[in-house]
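Fold and contact review
Single-letter residue listing:
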Amino acid sequence: MKRIHLIILYVTAVMYCVVSCIEPPLNLPGQELEMKIPQVETQLEVVWDHEINLEQEWYYGWDSQDESIWGTLGYPTPARYEVRRYYKGESTSDEHKTVDGFSTKQTKFRRYFQFGYYDILIFNDIDSEDGTQVLVMEESLDSVIATTTGVRGISRSILDKAYASQDDSNTAIGLLNQPEIVYEAYPQNIFISHNLSDYEYDPIEDIYIKHIEAKLRPLVYIYLVQFILYNNEDGKIVGVNGNAALSSMASSTNLFTGHTSYKPAFVYFNTRMKKNIMVKGRKSDVIGGKLNTFGLCDNEPFTRSGATYVGSRSNLRNILYYDLIWNNGQTKTYEFDVTDQCLSQAHGGILTVWIDCSTLTPPDPAETGTGSLFIPTVEDYDEVLWEVEI
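Below or above, wherever it landed, is the structure these notes cover. (Residues numbered from 1 in each chain as written. Predicted model: local features only at pLDDT ≥ 70, side-chain atom pairs only at ≥ 80, totals over all residues. Heavy atoms only, no water.)

Some words on the sheet that holds strand S20 (residues 253-254)
One open sheet accounts for three strands, arranged S9-S10-S20; its pairing is antiparallel. The outermost strands of the open sheet, each flanked by one partner alone, are strand S9 (135-139) and S20. Pairing between strand S10 (residues 144-148) and S20: two bridges, direction antiparallel. Its bridge partner lying in S20, Ala 146 is registered against Thr 253. (Pairing = 2+ DSSP bridges. Helix = DSSP H or I, 4+ residues; strand = E, 2+ residues; numbered from the N terminus.)

And the structure:
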């Protein structure tokens, strides 16, 4: 059975190695011990954990052209890591006093630590091949918030309609780029002690080791989205312009906690159409795409036990908006409610929309323009220089 694995990354052995001068032996009454500033060794290991069965649920497929556009279906393995060390002092209740950070390509690295308590944040560095990274990290001593940049405009009437029942509808964010995949681990209250009895001695390296287990978990989730078009034998729907968006998704997430923001946003993604695909014994046209998102608003992070959605979203609805091109050349935006599908797959999965083309309301022939939901901005146009002879 064909499966795709979704990555959960684990720091299976985060080792804290304390270099010390031990003379005379430990725990001898009346003796003073001299310790150098501790050196910490961290070991990262990637482990596969979560699966989605594509054979029974995913009809769109994933060919070489899809991969060239959107990459592979699964979560990528990080090639580089960012580490932030927050020094708290002598108490776990103390706030972060200082922070220092470094980058590493290695899964094993060493650094010196002061005595006292630390919180440590580890997340993957985003290495965008084309240099167009949209994920933005807003860092402070108190938090690290991941957000993303805006993309193109969206019809204000659609925005108002989507959040009309909210008291704070005017605070809803417009169309955002989908973020790159980010993973994080945040072990807290790590105590670097003066007492060598708190460590395990390694006689080979002549060091004392403190063992800690932490987990690198994804905070951006992948949704595979497919629209199944049937009863389109007369060819009334000829294609798509690629525009689609999912509403009421979180606009940011906190890397310390993994909890997503309550403020909703539309997340933009691209689609392709494949014709004459057999779906449950019926020839259909299938529109598909891949969507990266921070997940549902006010949502808890993914855990190995597969925690479900536990947030409090009030009346937010997750609506898929998509453009279809008719055989007369006109484009019209349609919508479909996938709230229940999102709630049952709070940390990514497959979203499926079934479209009976015989019941679709066609575009109004009197409408001018493309009729598309999305309003292009200046960035959507190529700069063209015309040479005019005078």
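As for the sheet that holds strand S23 (residues 282-293)
On the basis of which strands lie adjacent, the open sheet formed by four strands has the order S22-S23-S17-S26 and mixed pairing. Of all the strands in the sheet, just strand S22 (272-279) and strand S26 (349-356) have a single pairing partner and so form its edges. The average angle at which neighbouring strand axes cross in this sheet is 30 degrees, direction not considered. Pairing geometry for strand S17 (residues 221-230) and S26, over eight bridges, is parallel. When the bridges of S26 are listed, Gln 226 appears paired with Thr 352. (Axes fitted to C-alpha atoms, helices over the stretch in contact; angles between N-to-C directions.)

Section: unusual backbone geometry
Even without glycine at this site, Asn 231 takes up a positive phi of about 60 degrees. Mapped onto the fold, Asn 231 is located in the loop between S17 and strand S18 (237-239). Judged by its relative accessible area of 30%, Asn 231 falls in the partly exposed class. Notably, Ser 248 is not glycine yet its phi reads approximately 60 degrees, a positive angle. Along the chain, Ser 248 falls in strand S19 (residues 243-250). With relative accessibility at 1%, the residue Ser 248 sits in the buried group. (Buried < 20%, exposed > 50% of the residue type's maximum accessible area, 1.4 Å probe, protein only.)

Here we look at the side chain of Thr 148
Along the polypeptide, Thr 148 turns up in strand S10. Judged by its relative accessible area of 10%, Thr 148 falls in the buried class. Within the structure, Thr 148 has its side chain in polar contact with the backbone oxygen of Val 134 (distance 3.3 Å). Of the polar contacts made by the side chain of Thr 148, one reaches the backbone oxygen of Asn 177; its length is 3.1 Å. Apart from residues no more than four positions distant in its own chain, Thr 148 is found in contact with Val 134, Leu 176, Asn 177, Gln 178, Pro 179, Ser 251 and Phe 294. (Polar contact = N/O pair within 3.5 Å; in protein donor to acceptor, adjacent residues only side chain to side chain. Contact = heavy atoms within 4.5 Å.)

Thoughts on the environment of Thr 352
Mapped onto the secondary structure, Thr 352 falls in strand S26. Relative accessible area serves as the criterion here: at 12%, Thr 352 is assigned to the buried category. Sequence separation of Thr 352 and Phe 336 is 16 residues, and the distance between their C-alpha atoms is 9.9 Å. The residues contacting Thr 352, other than those within four sequence positions of it, are Glu 57, Gln 226, Ile 228, Phe 336 and Gln 341. Engagement of the side chain of Thr 352 in a polar contact is seen with the side chain of Gln 226, the distance being 2.9 Å.

Some details on the pattern of salt bridges
If you walk through the whole model with that rule in mind, you get 13 salt bridges. The shortest N-O distance in the salt bridge between Asp 63 and Lys 274 comes to 3.3 Å. Of this pair, Asp 63 sits in the loop between helix H1 (54-57) and helix H2 (64-70) while Lys 274 sits in strand S22; the two residues are 211 residues apart in sequence, bridging distant segments of the chain. Residue Asp 63 is classed as partly exposed on the basis of its relative accessible area, which comes to 29%. The salt bridge partner of Arg 80 is Asp 125, with a shortest N-O separation of 4.0 Å. With Arg 80 in the loop between H2 and strand S5 (81-89) and Asp 125 in the loop between strand S8 (116-124) and S9, the pair connects residues that are 45 residues apart, well separated along the chain. The partly exposed category is assigned to Arg 80, whose relative accessible area is 29%. Within the structure, one salt-bridge network assembled from shared partners comprises Asp 63, Asp 66, Arg 272 and Lys 274. (Salt bridge = Lys/Arg side-chain N within 4 Å of Asp/Glu carboxyl O.)

As for the side chain of Asp 356
Structurally, Asp 356 is set in strand S26. There is a polar contact of 2.8 Å between the side chain of Asp 356 and the side chain of Asn 231. The residues touching Asp 356, leaving out its near neighbours within four places in the chain, are Tyr 230 and Asn 231.

Geometry only, nothing functional implied.
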